Amino acid sequence: MGNQRILLYFTLFFIIYMIWAQWQMQYGEQAQAPAPDETQSEFVASDKQPATEGIPQADTASDSSIKSAAIPATEKAAVQDQTIRVITDVLDIEIDTRGGTVSKSLLRDYLVEAGNEEEKVLLLNDAAINYYVAQSGLVSSVSGTAPSHNTVYRSENSEYRLAEGQDTIEVPLYWQSPNGDQIVKTLVFKRSDYVVDVLYNITAGDKGWTGSDYMQIVRSRPVDNNQNAFIYTYTGGVVYNDEIKYEKYDFDDIAEKNLNYQLEAGWLAMIQHYFLVAWVPDADKNSLYYSRYNSNKDHYTLGARTSA
């Protein structure tokens, strides 16, 4: 492809979706969102867990399974990552420049308990307990490198706020390979929207670039001391497309056997109570849906890798 500019597009949606009837029954009326400077969500470095889950191999014509690739030595180098904070009218997000991982998501309109205006629902969280993050990256199908969720990007700013009269925030992250490939990963946030678009803009070096993009949700088994024992809500994974419909894949399923679905126009999610975090791959591509279990960390991964 030489220096041809290509665009890989897929959508990350924290369809962090509220089932209104049940929410109203349990928590009462929706709280009014505070002004941006009234919301605090501190990042605690000592609690942060490194994003070192396996990287899926790139899609090739003969590859029909998902495998875990080793982390390249160049990505193990001690490069300092940082946290980017993004505040919209409905979200308070933290993005780790290591991989562009969404490491925290605070839902500014929803209270943990009715009447307690100070404590909002924290969905994604990179603390050791209730670890729950959204990762994404690229894998190259030829010689060369590509930025995975373990690669440290460069960012121009450490904070972005949706200003009055502004409808969109774009958060660009920059990376360049030793071969001269220049990649900009951009996360796009919109007013009153829980959907986050993830764009890859690739300017290939002299050798060109081909590969796949992947997206995954990694979490530990939830520890919830506030759940009402008499109210059961499903917590675990879900995979959907028009063919298989809505198929649950809980933590025991992930620990027992790796998922391996080749699907078109589907999506995957982790559901907890009345909310879910989901990835929606590009509908124009077939995607390999996969799962893995890391017994050392008790981390459960549900992901998808698109075709090249």
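Calculation criteria
- Residues numbered from 1 in each chain as written.
- Predicted model: local features only at pLDDT ≥ 70, side-chain atom pairs only at ≥ 80, totals over all residues.
- Heavy atoms only, no water.
- Core = buried A, V, L, I, M, F, W, Y, C linked by side-chain atoms within 4.5 Å.
- Buried < 20%, exposed > 50% of the residue type's maximum accessible area, 1.4 Å probe, protein only.
- Contact = heavy atoms within 4.5 Å.
- Helix = DSSP H or I, 4+ residues; strand = E, 2+ residues; numbered from the N terminus.
- Polar contact = N/O pair within 3.5 Å; in protein donor to acceptor, adjacent residues only side chain to side chain.
- Phe/Tyr/Trp six-rings, centres within 6.5 Å; stacked < 30°, edge-to-face > 60°.
- Lys NZ or Arg CZ within 6 Å of the ring centre and 35° of its normal.

Asker: Where do I start with the nonpolar core in this structure?
Answerer: Generally speaking, soluble globular proteins have nonpolar side chains that are buried together. Membership of the largest hydrophobic core comes to 51 residues, with the highest contact counts inside it found for Val86, Ile95, Val171, Leu187, Phe189 and Leu268. Setting aside chain neighbours within four positions, we find Ile95 in contact with Gln82, Thr83, Ile84, Val86, Gly100, Thr101, Ser103, Val171, Leu187 and Phe189. Counting residues in each nonpolar core, the second largest holds six residues, with Val238, Ile271, Leu276 and Ala278 among its members.

Asker: Any chance you could explain unusual backbone geometry here in plain terms?
Answerer: For residues besides glycine, phi is generally negative; the peptide bonds are generally trans as well. With phi around 55 degrees, Ser192 is a residue other than glycine that occupies positive phi space. For Ser192, a relative accessible area of 52% puts it in the exposed group.

Asker: Sorry if this is basic, but what is going on with the side chain of Ser291 here?
Answerer: Within the fold, Ser291 resides in strand 20 (residues 286–294). A distance of 2.7 Å separates a polar atom in the side chain of Ser291 from the backbone nitrogen of Leu259. Setting aside anything within four residues of it in sequence, one finds Ser291 in contact with Tyr249, Ile254, Lys257, Asn258, Leu259, Thr301 and Leu302.

Asker: Would you explain the packing of aromatic side chains in this entry?
Answerer: Where two aromatic rings form a pair, the distance of their centres and the angle of their planes describe that pair. This model, assessed by the stated rule, comprises four aromatic pairs. Measuring from centroid to centroid gives 5.5 Å for Tyr240 and Trp267, while their planes differ by 25 degrees, and the two rings are stacked. You can see Tyr240 sitting in strand 15 (residues 236–241) and its partner Trp267 sitting in strand 18 (residues 267–272), a full 27 residues away along the chain. Classification of Tyr240 as partly exposed rests on a relative accessible area of 23%. One aromatic cluster in this structure is built from Phe251, Tyr293 and Tyr300. Across the ring face of Tyr132, the terminal group of Arg219 is positioned such that the distance to the ring centre comes to 4.1 Å. For the cation-ring pair, Lys248 lies above Tyr234, with the distance from its terminal atom to the ring centre recorded as 4.6 Å.

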